[in-house]
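Secondary and tertiary structure notes
Here is what each chain is made of, one letter per residue.
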Amino acid sequence: MPKTIREINEKIRKGQVVVVDAEEIIDIVAERGPERAAREVDVVTTGTFGPMCSSGAFLNTGHTKPRSKFTRVTLNGVTAYAGLAAVDIYIGATELPVDDPENRIFPGRFRYGGGHVIEDLVAGKDIELHATAYGTDCYPLKEVHSWINLKTLNQAVLTNPRNAYQNYNVAVNRDSKRVLYTYMGVLQPNLGNANYCSAGQLSPLLNDPFYKTIGIGTRIFLGGGIGYVWWQGTQHAPAVKRAENGVPLVPAGTLAVCGDLKQMDRAWLRGASLVGYGVSLAVGVGIPIPILDVDIVKHCAVSDADLLAPVVDYSTDYPQCIPGNLGWVTYRELKSGKINIKGKEVPTAGLSSYAKAKEIATILKEWIRKGQFFLTEPVAPIPGPESGQTFNPFPMRPVT
Amino acid sequence: MPSRKFVLTFPRSLVGEPIIYRLVKDHDLVVNILRASVSPDEAGHLVLEITGTEPRIQAGLEYLDRVGVGWQPLSKDVTWREDLCTHCTACVSACPTGALTVERPSMRVRFDEEKCIACELCLPVCSYKAVELHF
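Quick look at the structure, then. (Residues numbered from 1 in each chain as written. Chains lettered and ligands numbered in written order. Predicted model: local features only at pLDDT ≥ 70, side-chain atom pairs only at ≥ 80, totals over all residues. Heavy atoms only, no water.)

The next subject is the overall build of chain A. Along its length, chain A carries eight helices and 24 strands. At 22 Å, chain A has a C-alpha radius of gyration in line with the 21 Å of a compact globule built from 400 residues. Residues classed as buried in chain A amount to 56% of the 400 residues present. For chain A, the share of sequence-separated contacts (at least 6 apart) that also reach a separation of at least 24 residues comes to 73%. Surface summary for chain A: the accessible area is close to 17,300 Å², and the carbon and sulfur share equals 53%. In chain A, which carries 41 positive and 38 negative side-chain charges, the distance between the mean positions of the two groups comes to 2 Å. (Helix = DSSP H or I, 4+ residues; strand = E, 2+ residues; numbered from the N terminus. Rg over C-alpha atoms; globule rule 2.2 N^0.38 Å. Buried < 20%, exposed > 50% of the residue type's maximum accessible area, 1.4 Å probe, protein only. Contact = heavy atoms within 4.5 Å. Areas by Shrake-Rupley, 256 points an atom, 1.4 Å probe, with all protein chains shown as cover. Lys, Arg positive; Asp, Glu negative; His and termini not counted. Charge placed at Lys NZ, Arg CZ, Asp CG, Glu CD.)

Okay, the sheet that holds strand 1 (residues 19-21) of chain A next. Residues and elements named next belong to chain A. Pairing is mixed across the open sheet formed by three strands, whose spatial order is 1-2-20. The sheet is open, and its two borders are formed by strand 1 and strand 20 (288-290), each paired with just one other strand. When the angles between neighbouring strand axes are averaged without regard to direction, this sheet yields 25°. One ladder, built from three bridges, connects strand 2 (residues 43-45) with strand 20; its direction is antiparallel. Following the sheet pairing, valine 44 is matched in strand 20 by isoleucine 289. Running at roughly 110° to strand 1, helix 2 (residues 24-32) makes contact with strand 1 and strand 2 of the sheet. (Pairing = 2+ DSSP bridges. Axes fitted to C-alpha atoms, helices over the stretch in contact; angles between N-to-C directions.)

Now for the pattern of salt bridges. This structure, assessed with the given rule, holds 29 salt bridges over all chains. The closest approach of N and O atoms between A:Arg36 and A:Glu40, which form a salt bridge, is 2.7 Å. With A:Arg36 and A:Glu40 both in helix 3 (residues 34-40) and four residues apart, the pair spans about one turn of that helix. Relative accessible area serves as the criterion here: at 37%, A:Arg36 is assigned to the partly exposed category. Note on A:Glu40: relative accessible area 29%, which makes it partly exposed. The salt bridge partner of B:Glu82 is B:Arg110, with a shortest N-O separation of 3.6 Å. Here B:Arg110 lies in strand 7 (residues 108-111) and B:Glu82 lies in the loop between strand 5 (78-80) and strand 6 (100-103), a separation of 28 residues in the sequence. Look at B:Glu82 and you get partly exposed, because its relative accessible area is 37%. Classification of B:Arg110 as partly exposed rests on a relative accessible area of 30%. It is possible to trace a salt-bridge network through shared partners that takes in A:Lys356, A:Glu359, B:Glu82, B:Glu103, B:Arg108 and B:Arg110. (Salt bridge = Lys/Arg side-chain N within 4 Å of Asp/Glu carboxyl O.)

It is worth spelling out the interface of chain A and chain B at this point. Accessible area lost upon the coming together of the parts is a frequently used measure of interface size. With 30 residues of chain A in contact, the opposing surface of chain B contributes 20 residues. When residues of chain A are sorted by the area they lose upon contact with chain B, A:Arg270, A:Lys335 and A:Ala355 head the list and together hold 24% of the total. If you look at where chain A meets chain B, you find one salt bridge. Two residues, B:Arg108 and A:Glu359, come together in a salt bridge whose shortest N-O distance is 3.4 Å. Across the chain A-chain B interface, the total number found is 12 residue pairs in polar contact (both at pLDDT 80 or more). Counting only elements with at least two residues in the side of chain A that touches chain B, the list comes to strand 3 (48-51), strand 18 (269-274), helix 7 (331-336), strand 24 (344-350) and helix 8 (354-369) of chain A. (Buried area = accessible area lost by both parts, 1.4 Å probe. Polar contact = N/O pair within 3.5 Å; in protein donor to acceptor, adjacent residues only side chain to side chain.)

Relative to the elements of secondary structure, B:Lys5 occurs in strand 1 (residues 3-10). B:Glu49 provides the closest opposite charge to the buried, unpaired B:Lys5, separated from it by 4.8 Å.

With that settled, consider the environment of B:Cys119. Its location among the elements puts B:Cys119 in the loop between strand 7 and helix 4 (122-125). Measuring from C-alpha to C-alpha, the distance between B:Cys119 and B:Pro96 comes to 8.5 Å, with 23 residues separating the pair along the chain.

All names here are of chain B. Taking strand neighbours across the sheet as the criterion, the four strands line up as 2-3-1-4 in an open arrangement whose pairing is antiparallel. Of all the strands in the sheet, just strand 2 (30-37) and strand 4 (70-73) have a single pairing partner and so form its edges. The average angle at which neighbouring strand axes cross in this sheet is 25°, direction not considered. Sheet analysis places strand 1 next to strand 3 (residues 44-51), joined by eight bridges and oriented antiparallel.

Note that the residue after A:Phe106, namely A:Pro107, is joined by a cis bond; omega there is -5°. In this model, B:Arg104 is joined to B:Pro105 through a cis peptide bond whose omega is 5°. Tracing the backbone shows B:Pro105 in the loop between strand 6 and strand 7. One non-glycine residue with positive phi stands out, namely A:Ala164, at about 55°.

What follows covers helix 2 (residues 54-67) of chain B. Residue and element names in this part refer to chain B. For helix 2, built from 14 residues, the straight-helix expectation of 20 Å at 1.5 Å per residue is met to within 8% by its first-to-last C-alpha distance of 20 Å. For helix 2, the full list of buried residues reads Ile57, Gly60, Leu61, Tyr63 and Leu64. Down the axis of helix 2, the buried side of the element spans an arc of 150°, and every buried residue falls inside it. Exposed positions of helix 2 whose direction lies more than 90 degrees from the buried face are Pro55 and Arg66. Check the buried side of helix 2 and you find it contacts strand 1, helix 1 (19-25), strand 3 and strand 4. Looking one or two places after helix 2, you find glycine 68, whose phi comes out positive at around 95°. (Expected span 1.5 Å × (residues − 1). Arc of directions from axis to C-beta.)

All names here are of chain A. Only one face of strand 8 (residues 127-132) is buried: it carries Ile127, Leu129 and Ala131, and the other face, with Glu128, His130 and Thr132, is open. Direction of pairing for strand 5 (residues 72-75) relative to strand 8: antiparallel, over a ladder of four bridges. Each bridged residue has a counterpart across the sheet, and for arginine 72 the counterpart in strand 8 is threonine 132. Here six bridges tie strand 8 to strand 9 (residues 143-148), and the two strands are oriented antiparallel to one another. Paired with histidine 130 across the two strands is histidine 145, which belongs to strand 9.

Residues and elements named next belong to chain A. Note that serine 315 resides in the loop between strand 21 (308-313) and strand 22 (328-330). Looking at serine 315, its side chain comes within polar contact range of the main-chain nitrogen of arginine 174, at 3.5 Å. Of note is the side chain of serine 315, whose polar atom sits 2.9 Å from the backbone nitrogen of aspartate 175.

Here it is as structure tokens:
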């Protein structure tokens with residue numbers, strides 16, 4: 001007998017809900033079988049914590065006296081986008097300080113940027129705002145130089161146009177004779193190492209491969225507070241090749257998420273400095289999956305041994321958009337510390353923290369058990385494989 | 001025989017002195033230079049693994065004190081900030097000595113300061129500046 005989200009919420013209210021995380025459900029389904037597991041378990045919690053460049057925050061500072069319409073803004077020296085309303089700004093995670101040397105002395109260190117501004121805001125630190133404006137009759141003040149603090153902002157909304165990537169590449173350096181510095185970390189020559197970036201069996205969209213329960217309006221754990229899915233993420237590409245278990249064999253679905261920065265915690269929002277590449281933000285996301293039927297629980301029972309990631313060359317193939325890969329490996333192999341690529345044993349390392357993903361799934365489980373977090377019915381689905389939607393390249397039309 | 005790792009700091013005036021030779025010749029210590037940064041007219045740093053009986057190591061350290069070479073155990077100079085570490089594990093494949101490892105199945109990173117040789121290979125790999133070097 002299928003369950004409904006309303007029934008699960010009633011159980012949460014009564015303190016009778018059965019919640020396990022996406023790691024624990026694997027053994028439960030193996031031992032009890034999917035039918036019994038679907039009857040006995042109400043919610044499976046997932047989690048992920050990795051650098052996700054497509055992140056940022058909308059901030060409203062309130063009006064200065066006299067009023068000002070910010071034209072150019074920096075926060076701790078990092079450019080924020082001011083092309084919104086008078087005192088609305090957007091700080092993007094990958095933005096750099098105005099005078100950052102970038103990669104002029106290669107590899108650049110990228111010690112501070114937008115991701116760190118967001119981390120500092122959440123940590124409660126004062127942030128130095130410098131704004132200039134051209135001045136109008138209604139907004140006469142032409143320069144503002146002031147400290148701001150998260151607690152006095154009117155709104156601070158973490159807004160990630162893309163997060164929770166459903167599967168991702170394993171990056172290697174096949175061709176270059178030098179060390180490569182990429183968004184997938186430092187890659188040694190001659191297949192010297194392989195870096196992966198997914199929580200595997202704990203990752204939200206790997207547990208709901210066809211987006212049957214996660215959709216627009218889904219309430220989630222975001223950065224230590226409560227957030228929501230507001231759209232499909234940018235580059236959402238559900239119509240990709242999938243394994244027999246329905247899980248994509250290449251990067252596929254993504255989610256756009258948002259939440260109140262004021263509720264969040266520095267432990268789950270961390271500025272990241274990727275040497276030679278730039279700045280990013282590691283974001284903690286946890287998504288509950290309501291076990292409404294047997295199919296849903298079967299998908300949640302997927303384990304690292306069943307999840308495949310493509311090994312992609314980042315020396316030539318990725319930068320030059322040459323399709324294909326060097327084969328697939330399982331997340332179990334990746335987490336073992338070594339994989340085999342074309343007969344060579346290659347050490348592996350992660351960029352996404354499985355340990356933190358597990359902590360997030362555990363926190364979300366506790367919130368639900370304690371009746372502090374209720375599940376939501378999506379108000380609309382995000383496109384599935386049937387949409388035919390793919391991630392298309394830039395159709396370049398050079399201007400001569 | 002016990003083996004210990006130290007960071008030696010040479011003032012500019014001592015850069016020309018054969019300090020290591022004295023440690024070997026006069027104090028009968030086996031020294032393994034793990035890292036050296038010595039340039040003329042600048043203070044120098046040396047990461048050294050010293051093997052010998054405990055009394056001989058002590059005598060060697062007293063000699064360093066006498067001539068004015070600063071020293072302290074390497075473990076004091078390399079710190080892994082667990083509060084900053086996200087346990088992403090990116091450092092683990094970069095670490096040549098197994099000082100940074102992953103506990104399985106929890107996938108938590110562990111740092112064994114005894115195995116660290118201060119090679120600094122983990123520094124650029126860590127996105128969260130969780131390994132700090134203080135010399």
